Amino acid sequence: MPCVLTEEANRKMLLTALDVPTEGVRHVQDETVAYVEDDSQGNGSLYITDNVVTWRNSSGQGFSLQYPSISLHAVSRDLNAFPHECLFLMVDGKLSDDADPRQKSSDDEDEVVGPFEGDTATTEVRFVPADKGALDAMFNSMSDCQALHPDEQDTDSEADDFEANYYEGMEGEDNLTPEGQRTLEHLENLLLNGQGQGDGQNRPNAGNEENTNQMDEDQFADADEMQ
Amino acid sequence: MNIHLFYSFFKSLVGKDVVVELKNDLSICGTLHSVDQFLNIKFTDITVTDPDKYPHMLSVKNCFIRGSVVRYVQLPADECDTQLLQDAARKEAAQNRQR
């Protein structure tokens, strides 16, 4: 059972030697201070890449976060809650390997366990860039990369082909409230007739027709003829 | 239940206020800004329904919630046509069985 750790000792365990990421780098933000649960890790650079979020100081020490473990991220601008404008991350699990005496986590690693399953802890991480104007870009880059890492267990294998032909990316950037009803109507028609009525937001008709034909054939084929 | 149905339905709720309960029991109320095919959710103007437990969340205006950590999405009752949803779900399930 470890003794109560000094802040510096805790920081040393948290950080490990890391290389500068080179692949799929979407955003680099220098002069960024990282806070883990309110403990400053000092100044460094934040790398938002397709595969991982890495923060690294000038000594080459840092930490990496896997996207499936980033439950939520946001831009925090209210200085009452935290004294710096920052990119706030809610991370599933603890960053350091040592168990904090305050936590009751059953497993050391959180990678094999689903998000928030079991007694995994939650870690609050904040990145404070010197350039506060970069926060929106950091948020957007992280959002884009998150979409590259859906959970395997959430995937409905039956729906894969279905989804791929219809939607991609984030829908809803332009307030869709006036179209809410149309979308529902589209959905109803889609499931009734096997083809959408198109609200302008969907993929080109090629995708619709492809699936429509497939579904129609299956619907009306004799059981004997179905593969 | 096919995730596709949920995605379409959530899309139609953009601009409405919903409450999302995460698997770690945190509840977040916000205006639905957008949703993607993995049910990742973007909120604007969020409030936290349990500020004592998560005080730091109060300062957040916009946030991105990973779809896989969502336990429940609480919908405004007047925006939810349950009959429509039931019909759509039944049809979709029937079509899936015929594949």
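The preceding data block contains the structure.
Source: prediction; values computed, not measured. (Residues numbered from 1 in each chain as written. Chains lettered and ligands numbered in written order. Predicted model: local features only at pLDDT ≥ 70, side-chain atom pairs only at ≥ 80, totals over all residues. Heavy atoms only, no water.)

Caption draft 1: Broad picture of the overall build of chain A. Per the secondary structure count, chain A includes 5 helices and 8 strands. Buried positions account for 43% of the 227 residues belonging to chain A. Residue pairs at least 24 apart in sequence account for 59% of intrachain contacts in chain A once pairs closer than 6 positions are excluded. Summed over all atoms, the accessible surface of chain A reaches about 12,100 Å², with 43% contributed by carbon and sulfur. (Helix = DSSP H or I, 4+ residues; strand = E, 2+ residues; numbered from the N terminus. Buried < 20%, exposed > 50% of the residue type's maximum accessible area, 1.4 Å probe, protein only. Contact = heavy atoms within 4.5 Å. Areas by Shrake-Rupley, 256 points an atom, 1.4 Å probe, with all protein chains shown as cover.)

Caption draft 2: Seen up close, empty space enclosed by the protein. Residues and elements named next belong to chain B. The full count for this structure, using the stated rule, is 3 cavities of 30 Å³ or more. Of the voids in this model, the second largest cavity is the one considered here, and its volume is about 40 Å³. Surrounding the second largest cavity, Phe10, Val18, Leu32, Val35, Ile41 and Val73 form its lining. Counted by class, the lining of the second largest cavity contains 6 nonpolar, no polar and no charged residues. (1 Å grid on protein atoms, 1.4 Å probe; cavity = no way out; pocket = protein on both sides within 12 Å on 5 of 7 lines; lining within 4 Å. Points joined across faces, edges and corners; volume = space filled by probe spheres on them. Nonpolar A, V, L, I, M, F, W, Y, C, P; charged D, E, K, R; others polar.)

Caption draft 3: Expanded view of the nonpolar core. Core analysis: the largest hydrophobic core is formed by 27 residues, its most contacted members being Leu72 of chain A together with Leu22, Phe43 and Ile65 of chain B. For this core, the element with the highest residue contribution is strand E3 (residues 41–48) of chain B, accounting for 4 residues. One finds Leu14, Ala34, Val91 and Phe139 of chain A within the second-largest nonpolar core, a separate group that totals 25 residues. (Core = buried A, V, L, I, M, F, W, Y, C linked by side-chain atoms within 4.5 Å.)

Caption draft 4: Representation of the packing of aromatic side chains. Under the defined criterion, the tally for this structure stands at 5 aromatic pairs over all chains. Geometrically, the ring pair formed by Phe63 of chain A and Phe127 of chain A is stacked, given 6.2 Å between the ring centres and 15 degrees between the ring planes. Of the two residues, Phe63 of chain A is situated in strand E5 (residues 61–66) and Phe127 of chain A in strand E8 (residues 122–129); the sequence distance between them amounts to 64 residues. Since its relative accessible area comes to 5%, Phe63 of chain A is described here as buried. For the ring pair Phe9 of chain B and Phe10 of chain B, a centre distance of 6.2 Å and an interplane angle of 45 degrees mean the geometry is tilted. Among the aromatic side chains, those forming a connected cluster through ring pairs are Trp55, Phe63 and Phe127 of chain A. (Phe/Tyr/Trp six-rings, centres within 6.5 Å; stacked < 30°, edge-to-face > 60°.)

Caption draft 5: Here's a closer look at helix H2 (residues 82–97) of chain B. Residues and elements named next belong to chain B. Here H2 is 16 residues long and its end C-alpha atoms lie 22 Å apart, about the 22 Å a rise of 1.5 Å per residue gives. Among the residues of H2, Leu85, Ala88, Ala89, Glu92, Gln95 and Asn96 are the ones counted as buried. Angularly, the buried residues of H2 cover 130 degrees about the axis, an arc narrow enough to put them on a single face. (Expected span 1.5 Å × (residues − 1). Arc of directions from axis to C-beta.)

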